[in-house]
Amino acid sequence: MRSVWICAGLLLAGAAWAGDDGEGKYRKTCAGCHQADGKGIPDAFPALAGNALVQGNPRDFAAVPLTGRGGMPNFSKRLDNASLAQILNYVRNAWGNKGSTISAADVAALRAELHAEEFDGAPEVNQH
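Residues numbered from 1 in each chain as written. Predicted model: local features only at pLDDT ≥ 70, side-chain atom pairs only at ≥ 80, totals over all residues. Heavy atoms only, no water.

Student: What exactly am I supposed to notice about the pattern of salt bridges here?
Tutor: Note that side chains of opposite charge can pair when their charged atoms are close. The final tally for this structure, using the stated rule, is 4 salt bridges. Put simply, glutamate 23 and arginine 27 hold a salt bridge, and the shortest N to O gap is 3.2 Å. Here glutamate 23 and its partner arginine 27 are both found in helix α1 (residues 22-29), 4 residues apart, which amounts to about one turn of the helix. Using a relative accessible area of 44% as the deciding quantity, one classes arginine 27 as partly exposed. Within this structure, Lys77, Arg78 and Asp120 form a network of salt bridges that share partners. (Salt bridge = Lys/Arg side-chain N within 4 Å of Asp/Glu carboxyl O. Helix = DSSP H or I, 4+ residues; strand = E, 2+ residues; numbered from the N terminus. Buried < 20%, exposed > 50% of the residue type's maximum accessible area, 1.4 Å probe, protein only.)

Student: Mind showing me how you'd approach unusual backbone geometry here?
Tutor: If a residue is not glycine, its phi is most likely negative; likewise, a peptide bond is most likely trans. Although it is not a glycine, glutamine 35 adopts a positive phi angle of roughly 75°. Here glutamine 35 shows up in the loop between α2 (31-34) and α3 (52-55). On the basis of relative accessible area, glutamine 35 is assigned to the partly exposed category, the value being 26%. Even without a glycine there, the phi angle at aspartate 43 is positive, about 65°. As for its placement among the helices and strands, aspartate 43 is situated in the loop between α2 and α3. With a relative accessible area of 86%, aspartate 43 lands in the exposed category.

Student: For this particular structure, what's the right way to read the layout of surface pockets?
Tutor: To find leftover empty space, one rolls a probe the size of a water molecule over the atoms. Space inside the largest pocket adds up to approximately 400 Å³. Lining the largest pocket are 25 residues, and of these His34, Leu48, Phe61, Val64 and Met72 sit closest to its centre. With 4 residues, the top contributor of residues to the lining of the largest pocket is helix α5 (residues 81-93). Looking at the lining of the largest pocket residue by residue, the class counts come to 18 nonpolar, 6 polar and 1 charged. (1 Å grid on protein atoms, 1.4 Å probe; cavity = no way out; pocket = protein on both sides within 12 Å on 5 of 7 lines; lining within 4 Å. Points joined across faces, edges and corners; volume = space filled by probe spheres on them. Nonpolar A, V, L, I, M, F, W, Y, C, P; charged D, E, K, R; others polar.)

This is a description of form; function is not addressed.
The structure is reproduced here in structure tokens:
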């Protein structure tokens, strides 16, 4: 029999929290601005669904959370390479998007190339 807990309004089933995958991490870290459906908020936060940057070169898209862009903050200290790759891959293939996969090693190499801050182990939070 699987255990089920209710914690802070989130349903936790079994040993693994449903938020451990790319979708869960997206909802926890990004959906507050870009929305759960990826449609964003007009004139405030861009839609990720159908977005050409999201579906284009994975390095260009990965650079955004590593360095920030426009009003979007830098998430490099808040997301490790594996978590960022999970989120990027979820977004690149959710809501009808079609994008190639980016690995944690690719994110690590890009982080070094861009001189982005290293992950500091702090909890993932929506920074807006």
